[in-house]
Each structure stands twice: as C-alpha cells, then as structure tokens.
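So you can see what is in the structure, the chains are spelled out below.
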Amino acid sequence: DTMPIRTLSDEVASRIAAGEVVERPASVVKELVENSLDAGASRVEVETQDGGATLIRVRDNGTGIPAAEIDLAFRRHATSKLENADDLEQIATLGFRGEALSSIAAVSRTLCITRHTAETVGTRLRLEGGEVVAHDPIGRPAGTELVIEDLFYSVPARRKFLRTARTERRHIDAFLTRYAIAYPHTAFTVVHDGREVLATSGSGDARDVLLSVYGADLGASLLQIPEHLTAGQAISVRGFVGPTTVHRADRSYLTLFVNGRWIEDLRLSYAIIQAYHTLLPVKRYPVAFVQIEVPAEDVDVNVHPAKAEVRFRDSDVVFRAVQKAARATVVSEAPVSTQWTSSESDSTGPQQTARGKLAGLRPAQGHIRFGADEAQSDEHSPAASTLSTASHSPPHPPSQLPPLRIVGQLATMFVITEGPDGLYLIDQHAAHERVLYEKLHAQSAQGQVASQPLLAPQSVTLPADQADRLEPLLPKLAELGLQVEAFGPNAFLVRAVPALLEKLVPADLLADIAAATEGTSPISDELEEAVIRHICKRAAVKAGQVLSREEMARLVDDLERTRNPRTCPHGRPTIVQISTEELARHFGRTGH
C-alpha cells in the first residue's frame, strides 16, 4: 500500500533541518559565535563540558535581541539579516537563513538570556525540544548568552554518533582558533571542562593572535601578505603565509576565509600549494592563513547547508589572485634562505680549491654525524655534528646489497657508489631514514630506547586542536625516548629526545606527529609505527647537505646492515642501480 502524502509537522521538520545544520557540537558553536560576530561583539566567551554534549555556553557583548523579537528568533526561517530574494545576492553577514537557533533549540534544552542595547531590561527564554517553557524579564548587561544543554537528547540516535569528548573538543578548537585569528578585534576566551585553552586580547593585531594560537616560533615566522599586492583590485587577498623553511605533513594548517567566513575549498587550497611549487619538499604542505575579500555579488554562499563551501562567479580569477599574492610574499618578503651560508673566513683566496668551496658550505639546520667512531674525523669534516647514531646496530643477516665503493656526492642529494655490476645512486635522505628507522625500531622492540636529555628543555606551543590530539600520545612518545610533558594550555615541554637522534627540532616534530596520528589508537602498533616514521623523517640527513667521504662511507655501511636497505620507511626507493651493460649501451659500446 502506498502511504498518503502529508505535510510534516513543525516538530519533525525542525528536526530534519537540525540534521543539516547541527552535525555535532562544533556546529552549534559555529552558529552561535557567528551570530555574536554579526551582532558586533568585541568579546566572545565559549565554555563547554564533555566536548559540548553536556553543555555549550556562548556569551557576547553584542547588540542583543529586542524583547519583542526573542520568540521570533527561535522560529524557523526568522532572521534580521535578509528581507527579500534580492538580498541573497548581497549577503554581508555570516548568518542569513534563520535556521540555526530553531535547529539548535529543536534538539537540546536551550536557555537564552539577552538584552538589546536600546533597552533597559533583558529577557530570559527557556526552550526544551524547541518549545518555550519559560519567558521572564531579567536584569543583565547588553549582549546575549546562550546555554545549550543535553545536545541531541530528543534524538538519541544522533547522540550515538557523537565521537569522544576529546575529538569533539578538537573540532570546536579548530573552528574557534581560526575565527580568533580572522577577527583580531574580538577578544575570544575558550574554556573546556573548566580549563582555559585560548584567550586573545582583542587588540586588533592578528600577529598577537597568531603568537597565542601557534606559539612564539611559528607565529613569529609567518610572513604577512603585503596589502599593496591587491590594492585597488576587486579581489583583496591578505593574511599570512609561512616561509619555505616552515612546512607540515598535511593540509590542516591551510586556512581560507572568504568575506569573513571560514570555508573549505580544494581549488583555493591548491592555489596556495602551487604558490610553493619547487620551494617545499615532496609531500609537505605550507602553513597559510589567507583572507579573501570578493564583491558580495560575485560569490554565492548559499550552496551548502553548513555554509562551509562557496561558489565564485569567476573562480579562475580568484585562484590566480590567491596564488600570485602567496607566491609574491614567499619569494620577495621571505628572508634570504640560509640553507647554505658561505663564511668568508673559510676562503683561502684565489687559490681556493673546489673541495675548499664545498667545505665552506654550512647547512642551516646543521650537519650530521653518522657514528661515534667518526668523532676524530668530525673535527675536519664539513659536517658539524647535530645528530648522532652512535649506538651499535644489532647483528643482521648478510646484506641484500653488494659491496659498494664510494665515488662521490651528486647535487648534494645522492651518494654515488660503484658495485661489481655497475653504478649505484643512493638517496642520502631516504637511506638515512631507513637506517634510523631500523635502529629505533630495534631499540623499541627491546624496550631499551635511550633518551638524551636536552641541555635546556624546549617549550612548544601548538594550536588547541593539535595539542589535544598530542596529549594522549605522551606516554607512547616517552617509550620511544621522546620525553614530553604538558606545560600549560596547548603548550608542551620537551625534556629529552632519543639518543639516536639528538638535535631534532621539537616544534616541527610534535606538529608532524599530531597530524600524522589522527584517527589512530593511542595503544596500537600502527600509532608506534607512525610516530617512529615521523621521528626518523625529521631526524634524517636532508637533501642539500654536503657530506664528507667518511660520512658517505658510514651511511652506506649502515645501509648495508639494515634488513630492508632498498626502501625508506615510507616506501620510497633508497637506491637505484645503473648496470655496466646499460652504461655501455648509452656510449655505443654494444660490441663489448
């Protein structure tokens, strides 16, 4: 039998709408904070309990809601931001559909306390499941406070889909930290379960917020996009991009705002990544916070239920504007690269040999020592020690590589060696990754990873969502010789690193580990593998570092001792062979 067509009740329609707008606690925070910003708030306070499932409180000092309109504010499609269809072409506010408050109220117990700036008495409104249960006058300062309790209590099936409180907090923090940077004139305070995780001053200086969110090192290193790059143009691009020395393991540090709204746009993200073409290592991503201003009539923000995507009238023009602004900033505003610095004191005058010129090159991040028994040669080596692989490798079965003779180094990336059947080119970074990986893995399997205490513990600050992801990993990191402890909101103190890998850069390493371990269990072997791989990637000698003959010999010897010498831990080849026959064929010596 077919069921008759009927009009849905308001209650059912509201819950269906809520399913589109209120996906998780972070959706509630987003809608309420955007309302606060639309109301001109200079101060926004957010408090949650249990990742927002039990409580979400958003308090602001904006214009407030007039007493005569507060009931209407919680009805579907009631808004002060649109009047007719033509207004959809000129949206200048973050909210406009009139769906958020009614959707949130439909699936929670909601308390709204507000006073409009033009009125002397405020109003307190309480709703349960979208129905008004109390409506009273109240004295309070101008502004609005919304308290959302027991989210999804009226739709238990939705509540089952909530993740852990820690995961939900991360989604909330990811949103709030970005809006705090985009709206530096608004002071944001964020408290989770009684613990303050973010506090910005509202000074109007975005750099202050960057320092608060990302920490002193990363926050200070970001380059501001000069205003003159897009001055007088219809499309304005401003914000911050990282120098080429700063990069991350995934795209989570790429943030895009269009007309004051955080959006996710793969094409514009690619525009920023393209701006760094040839400037970053393979499979590494830049850090960028880019704000784009486009004429309202040239962008449609009404294409996604949660307004997370937009559609541009001419997306190619926007793509080019973003790419050009980012590229120009990175190329012209970044400090001159210190990847190589040549000291005049190393020069021996006009008679300086080619070997002497190479010896004068100093990698910015320092050099490498491949073994304790290299200590004697280090004094005269162009490679000053910044990491040690001094521990002896456990005995291994016969090497899968033939005996190799060092010929030299090519393009400061590859070690050239000769074997009994031809030429072998070794990728120095991939090979050293494999060596470190097997040594650290062997120590971990025996429960004997030695730590090297740092002379001075190093403080590292991460964005709140990344810090929340890293915190449960600290015991596992300690097992791997990386001793890290919580050190205030979103901050960590690194006290020791694996003895194999001293002189790592802790800030970059912790950010990579947090990004790489998303979705893995804190007790799984998969997690340990991910952490070890990233530690070794960070610690391995880089492409571009000059190696002495002794260092090349040590690297090749260590590679020969590994169980899997032909690939790095990420699956890239460490070594490529060109046979003698192939070389002869290229030289036309086919008869030999």
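Please refer to the structure placed before this passage.
Just so it is clear, the structure is predicted and the values come from calculations on it, not from any experiment. (Residues numbered from 1 in each chain as written. Predicted model: local features only at pLDDT ≥ 70, side-chain atom pairs only at ≥ 80, totals over all residues. Heavy atoms only, no water.)

Engineer: Any details on the pattern of salt bridges? Residues and values, ideally.
Structural biologist: Counted by the stated rule, this structure contains 31 salt bridges. Close ionic contact of Arg59 with Glu145 constitutes a salt bridge, the shortest N to O distance being 3.4 Å. On the criterion of sequence distance, the pair formed by Arg59 in strand β2 (residues 55-60) and Glu145 in strand β6 (residues 143-149) is long-range, its members being 86 residues apart. Here Glu145 falls in the buried class, since its relative accessible area comes to 11%. The shortest N-O distance in the salt bridge between Asp316 and Arg267 comes to 2.8 Å. Taken as a pair, Asp316 in helix α10 (residues 315-333) and Arg267 in helix α9 (residues 266-275) lie far apart in primary sequence, 49 residues in all. Looking at Asp316, the relative accessible area reads 36%, which means it is partly exposed. Judged by relative accessible area, which is 38%, Arg267 ranks as partly exposed. (Salt bridge = Lys/Arg side-chain N within 4 Å of Asp/Glu carboxyl O. Helix = DSSP H or I, 4+ residues; strand = E, 2+ residues; numbered from the N terminus. Buried < 20%, exposed > 50% of the residue type's maximum accessible area, 1.4 Å probe, protein only.)

Engineer: An account of unusual backbone geometry is needed here, citing residue identities and associated values.
Structural biologist: Of note in this structure, Phe152 is not a glycine but carries a positive phi near 65°. Given a relative accessible area of 1%, Phe152 falls into the buried group. Phi is positive for Thr412, which is not a glycine, with a value near 50°. When you line up the elements, Thr412 lands in the loop between β20 (405-410) and β21 (414-419).

Engineer: Please set out the environment of Gly139 residue by residue, giving values where relevant.
Structural biologist: Mapped onto the elements of the fold, Gly139 is located in the loop between β5 (131-138) and β6. Sequence spacing of Gly139 and Ile113 is 26 residues, and the spatial spacing of their C-alpha atoms is 9.5 Å.

Engineer: For the packing of aromatic side chains, give the residues involved together with the corresponding values.
Structural biologist: This structure, assessed with the given rule, holds seven aromatic pairs. Pairing Phe175 with Trp262 gives two aromatic rings, centres 6.4 Å apart and planes at 35°, and the pair type is tilted. You can see Phe175 sitting in helix α6 (residues 165-182) and its partner Trp262 sitting in strand β12 (residues 261-263), a full 87 residues away along the chain. Using a relative accessible area of 3% as the deciding quantity, one classes Phe175 as buried. Among the aromatic residues, those joined into a cluster by ring pairs are Phe175, Tyr179, Tyr183, Phe257, Trp262 and Phe289. Just above the ring of Tyr153 sits the side chain of Arg109; from NZ or CZ to the centre is 3.9 Å. Between the NZ or CZ atom of Arg248 and the centre of the ring of Tyr253, over which it lies, the distance is 5.2 Å. (Phe/Tyr/Trp six-rings, centres within 6.5 Å; stacked < 30°, edge-to-face > 60°. Lys NZ or Arg CZ within 6 Å of the ring centre and 35° of its normal.)

Engineer: Go over helix α2 (residues 25-38), please, and point to the residues and values.
Structural biologist: Helix length check: α2, at 14 residues, gives a terminal C-alpha distance of 20 Å against a target of 20 Å (1.5 Å per residue), a fit within 8%. Counted residue by residue, α2 has twelve buried out of 14 residues, so it is predominantly covered. Those residues of α2 that fall on the buried side of the exposure criterion are Pro25, Ala26, Ser27, Val28, Val29, Lys30, Glu31, Leu32, Val33, Glu34, Ser36 and Leu37. One or two positions beyond α2, positive phi appears at Gly40, with a value near 80°. (Expected span 1.5 Å × (residues − 1).)

Engineer: Provide a residue-level description of the nonpolar core, including the pertinent values.
Structural biologist: Of all hydrophobic cores here, the largest spans 87 residues; its most connected members are Val33, Phe74, Leu470 and Leu510. Sort the elements by how many residues they give to this core and α6 lands first, with seven residues. Once you skip the residues sitting within four places of it in the chain, Val33 turns out to touch Val44, Val46, Val58, Phe175, Leu176 and Phe188. (Core = buried A, V, L, I, M, F, W, Y, C linked by side-chain atoms within 4.5 Å. Contact = heavy atoms within 4.5 Å.)

Engineer: Break down empty space enclosed by the protein for me, with residues and values.
Structural biologist: As enumerated under the stated definition, the model contains two cavities of 30 Å³ or more in all. Estimated volume of the largest cavity: approximately 100 Å³. Residue lining of the largest cavity: Thr177, Arg178, Val213, Tyr214, Ser252, Tyr253, Thr255, Pro463, Asp465 and Gln466, and that is the complete set. Secondary-structure elements contributing two or more residues to the lining of the largest cavity are α6, α7 (206-214) and α14 (464-470). (1 Å grid on protein atoms, 1.4 Å probe; cavity = no way out; pocket = protein on both sides within 12 Å on 5 of 7 lines; lining within 4 Å. Points joined across faces, edges and corners; volume = space filled by probe spheres on them.)

Engineer: Describe the sheet that holds strand β13 (residues 288-293), naming the residues involved and giving the relevant values.
Structural biologist: The strand order across the open sheet built from five strands is β9-β10-β13-β11-β12, with neighbouring strands paired in mixed fashion. Both outer strands of the open sheet, β9 (223-224) and β12, are each paired with one neighbouring strand and no more. Relative to β13, strand β11 (residues 254-258) is paired through five bridges, and the arrangement is parallel. What sits directly across from Val258, in β13, is Ile292. Sheet contacts for α9: β11, β12 and β13; angle to β11, the most-contacted strand, approximately 125°. (Pairing = 2+ DSSP bridges. Axes fitted to C-alpha atoms, helices over the stretch in contact; angles between N-to-C directions.)

Engineer: Explain helix α18 (residues 549-561) to me, and be specific about the residues and the numbers.
Structural biologist: Under the 1.5 Å per step criterion, the end-to-end length of α18 is 19 Å for 13 residues, consistent within 8% with the ideal 18 Å. Listed as buried for α18 are Glu551, Met552, Arg554, Leu555, Val556, Asp558, Leu559 and Glu560.

Engineer: Give a detailed account of the packing of helix α13 (residues 428-445) against α18, specifying residues and quantitative values.
Structural biologist: At a minimum axis distance of 9 Å, the contact between α13 and α18 shows a crossing angle of 50°. Judged on the interaxial angle alone, α18 and α13 are oblique. Between α13 and α18 lies a crossing of left-handed hand. Facing Gln428, Ala431, His432, Arg434, Val435 and Lys439 of α13, the residues of α18 in contact are Leu555, Asp558 and Leu559. Within the contact of α13 with α18, the residues separate by chemical class into four nonpolar, two polar and three charged. (Parallel < 35°, antiparallel > 145°, perpendicular 65-115°, else oblique. Left-handed = near helix turned anticlockwise from the far one by under 90°. Nonpolar A, V, L, I, M, F, W, Y, C, P; charged D, E, K, R; others polar.)

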